[in-house]
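Structural characterization, general
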Amino acid sequence: MSDFSIGEKLRLTLFGQSHGPAVGCVLDGLPAGEEVDMDKIRAFMARRKPGQNAWSTPRKETDEPEILSGLNPAGQTCGAPLTIMIRNTGAHSGDYTGLSDKPRPGHADYTAAVKYGPAWDPRGGGQFSARLTAPLCFAGAVCAQMLERRGAVVAAHIARIGGVEDAVPDFVRPSLPLYAPGAFPVIDAEKGKAMQAEIAAAAQAGDSVDGAVRCVAAGLPAGLGGPYFGGLEGRLAQALFAIPAVKGVSFGEVLSRGSRNNDPYCLDDAGRFGVSTVTNHCGGILGGITTGMPVYFTVAFKPTPSIAVPQRTVDLRSRRETPLTVGGRHDPCVVPRAVPVVEAAAALVLTGLMLENEGEKKGWI
Ligand SMILES: Cc1cc2nc3c(=O)[nH]c(=O)nc-3n(C[C@H](O)[C@H](O)[C@H](O)COP(=O)(O)O)c2cc1C
């Protein structure tokens, strides 16, 4: 298995390094004839873009996707792999001098040195950089459009920053999207202000702060996924854990007693057989397979590793312990920019499953 590819019928491969000429992706397995609305893609990618507000890094990157293959002149998928590149324009490589010798605590510098040796290019975090989430967002934005045409919507919000939690959506009949376009991505704007204050306080101290993103996917048919290794939770988790700084993924919610935790069945039009559930603690997944109720999960992010506070590290060349102060322009909290990245990873996996399911259904006709 390649470190940079995921999916079977619909397969995404990411490429590039943070300070190379470009990052990009190849999305293979798309059916021909899918409309790709580039304005919607740009709007989706802009939600991840840095340098736009006080709570993200001041790095400026244009994030403009250049299409290399996969679309016809009318802007539809043509059956060839959809390949894009996004040029790296905002790199300050000098900020990373010496990092291959003095690994930043919490970042991938040490494990990269172990795996790749001195040939590794540490500038901007190399191939570990969250810069590769830009092409992931491109692929996710294409998939989100395909899901929408099939009646499904994926929407995320900031569930928590530090000690401040957002309001919780209705997991039976969620109202999506979860926040107004262009706003700080929370349901409750007052909580959003408190979260921004947490980020500002961490940044002021030269530090960073953790948080979580919650994602809801509604309108999915019942029957997607499978037991054991084919389970939807596992397939989503593989894509979500690929996002840099993700440390936890949990599905639905677990209540203490079976009598409270089980979701009673009822008859209405929501499910595939007119069967739905009164509550949705299982997060829309039972036995690894969608129930037809909204799928939801929470993704925990650690605080940004690159902080200005002096830290302790080891000089790998001299084999001496040494103090380290990390410079450069870093996000004091990765969570706000990670909201569309979580949506993108989820949309990619769910679209792959939908396409596999469409193939299965054709066999019945
Ligand atoms: C949207 C986003 C932005 C990020 N920005 C930074 C950053 O500015 N500085 C930094 O050190 N890490 C940043 N990270 C996290 C690192 O890329 C990540 O911690 C590192 O690659 C090591 O991977 P791991 O934390 O999954 O082990 C960001 C992550 C995401 C998702």
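Summary of the structure given here. (Residues numbered from 1 in each chain as written. Predicted model: local features only at pLDDT ≥ 70, side-chain atom pairs only at ≥ 80, totals over all residues. Heavy atoms only, no water.)

A look at the pattern of salt bridges
In this structure the tally under the stated criterion is 21 salt bridges. Through salt bridges with shared partners, a single network forms among Glu34, Arg149, Arg150 and Glu358. (Salt bridge = Lys/Arg side-chain N within 4 Å of Asp/Glu carboxyl O.)

Thoughts on the site of the ligand
Around the ligand sit 15 residues in total, of which Ala245, Lys302, Ser306, His330 and Asp331 are the nearest. Between Phe128 and the ligand, the recorded distance is 3.1 Å, taken from a backbone N or O atom to an oxygen atom. Here an oxygen atom of the ligand sits 2.5 Å away from a polar atom, N or O, in the side chain of Ser306. Relative to its unbound accessible surface of 630 Å², the ligand loses 89% to contact with the protein. In terms of residue class, the shell around the ligand is built from seven nonpolar, four polar and four charged. (Near = heavy atom within 4 Å. Polar contact = N/O pair within 3.5 Å; in protein donor to acceptor, adjacent residues only side chain to side chain. Areas by Shrake-Rupley, 256 points an atom, 1.4 Å probe, with all protein chains shown as cover. Nonpolar A, V, L, I, M, F, W, Y, C, P; charged D, E, K, R; others polar.)

As for the packing of helix H1 (residues 38–46) against helix H3 (residues 133–149)
Between two packed helices, the angle of one axis relative to the other and the distance separating the axes together describe the packing. Following both chains from N to C, one finds H1 and H3 inclined at 130 degrees, their axes separated by 9 Å at the closest point. Between H1 and H3, the angle falls in the class oblique. Between H1 and H3 lies a crossing whose hand is right-handed. In this structure, H1 uses Met38, Lys40, Ile41, Phe44 and Met45 to contact H3, whose residues at the interface are Ala134, Cys137, Phe138, Ala141, Val142, Gln145 and Glu148. A class-by-class count of the residues in the contact of H1 with H3 yields nine nonpolar, one polar and two charged. (Axes fitted to C-alpha atoms, helices over the stretch in contact; angles between N-to-C directions. Helix = DSSP H or I, 4+ residues; strand = E, 2+ residues; numbered from the N terminus. Parallel < 35°, antiparallel > 145°, perpendicular 65-115°, else oblique. Left-handed = near helix turned anticlockwise from the far one by under 90°. Contact = heavy atoms within 4.5 Å.)

Focus: the sheet that holds strand E9 (residues 246–251)
What the five strands build is an open sheet, ordered E7-E6-E8-E14-E9; its pairing is antiparallel. Either end of the sheet is taken by a strand with one partner, and the two such strands are strand E7 (164–165) and E9. Of the pairings in the sheet, the one linking E9 to strand E14 (residues 295–301) comprises five bridges and is antiparallel in character. Along E14, the bridge assignment pairs Val246 with Phe301. In the packing of helix H5 (residues 232–241) onto the sheet, the strands contacted are E9 and E14, and the crossing angle to E9 comes to about 160 degrees. (Pairing = 2+ DSSP bridges.)

Overview of a nonpolar patch on the surface
Together, Tyr265, Leu267, Phe273, Val275 and Leu286 line one region of the surface with nonpolar side chains, adding up to about 600 Å² of accessible area. Its location among the elements puts Val275 in strand E11 (residues 275–277). The exposure class assigned to Val275 is partly exposed, which follows from its relative accessible area of 32%. (Patch = residues over 30% accessible without salt bridge, like charges linked within 9 Å, V, L, I, M, F, W, Y side chains within 5 Å. Buried < 20%, exposed > 50% of the residue type's maximum accessible area, 1.4 Å probe, protein only.)

Regarding the layout of surface pockets
Left-over empty space is what a probe sized like a water molecule reveals as it rolls over the atoms. Counted as a void, the second largest pocket has a volume near 820 Å³. Along the walls of the second largest pocket sit 36 residues, with Ala43, Phe44, Arg47, Tyr179 and Glu343 positioned nearest its centre. The set of elements that each furnish at least two residues to the lining of the second largest pocket consists of H1, H3, strand E6 (153–161) and helix H7 (335–364). By residue class, the composition of the lining of the second largest pocket is 24 nonpolar, five polar and seven charged. (1 Å grid on protein atoms, 1.4 Å probe; cavity = no way out; pocket = protein on both sides within 12 Å on 5 of 7 lines; lining within 4 Å. Points joined across faces, edges and corners; volume = space filled by probe spheres on them.)

Brief notes about H1
Among the residues of H1, those classed as buried are Met38, Ile41, Phe44 and Met45. Seen end-on, H1 carries its buried residues on one side only, within an arc spanning 120 degrees. Backbone nitrogen of Asp39 and a side-chain oxygen of the N-cap are separated by 3.0 Å at the start of H1; the cap is Asp37. (Arc of directions from axis to C-beta.)

Description of the packing of aromatic side chains
Using the criterion set out here, one finds four aromatic pairs in the structure. Taken together, a centroid distance of 5.9 Å and an interplanar angle of 80 degrees make the contact between Trp120 and Phe128 edge-to-face. Under the relative-accessibility criterion, Phe128 is labelled partly exposed at 28%. Ring-pair connections join several aromatic residues into one group, and the members of that group are Tyr116, Trp120 and Phe128. (Phe/Tyr/Trp six-rings, centres within 6.5 Å; stacked < 30°, edge-to-face > 60°.)

Considering the sheet that holds strand E3 (residues 22–28)
Taken in spatial order, the five strands line up as E1-E2-E3-E5-E4 in an open sheet, and their pairing is antiparallel. Two strands lie at the open edges of the sheet, namely strand E1 (5–6) and strand E4 (65–69), each paired on one side alone. Here four bridges tie E4 to strand E5 (residues 82–87), and the two strands are oriented antiparallel to one another. If you follow Glu66 over to E5, its bridge partner there is Met85. The strands touched by H3 are strand E2 (11–16), E3, E4 and E5; relative to E3, the strand with the most contacts, the crossing angle is about 30 degrees.

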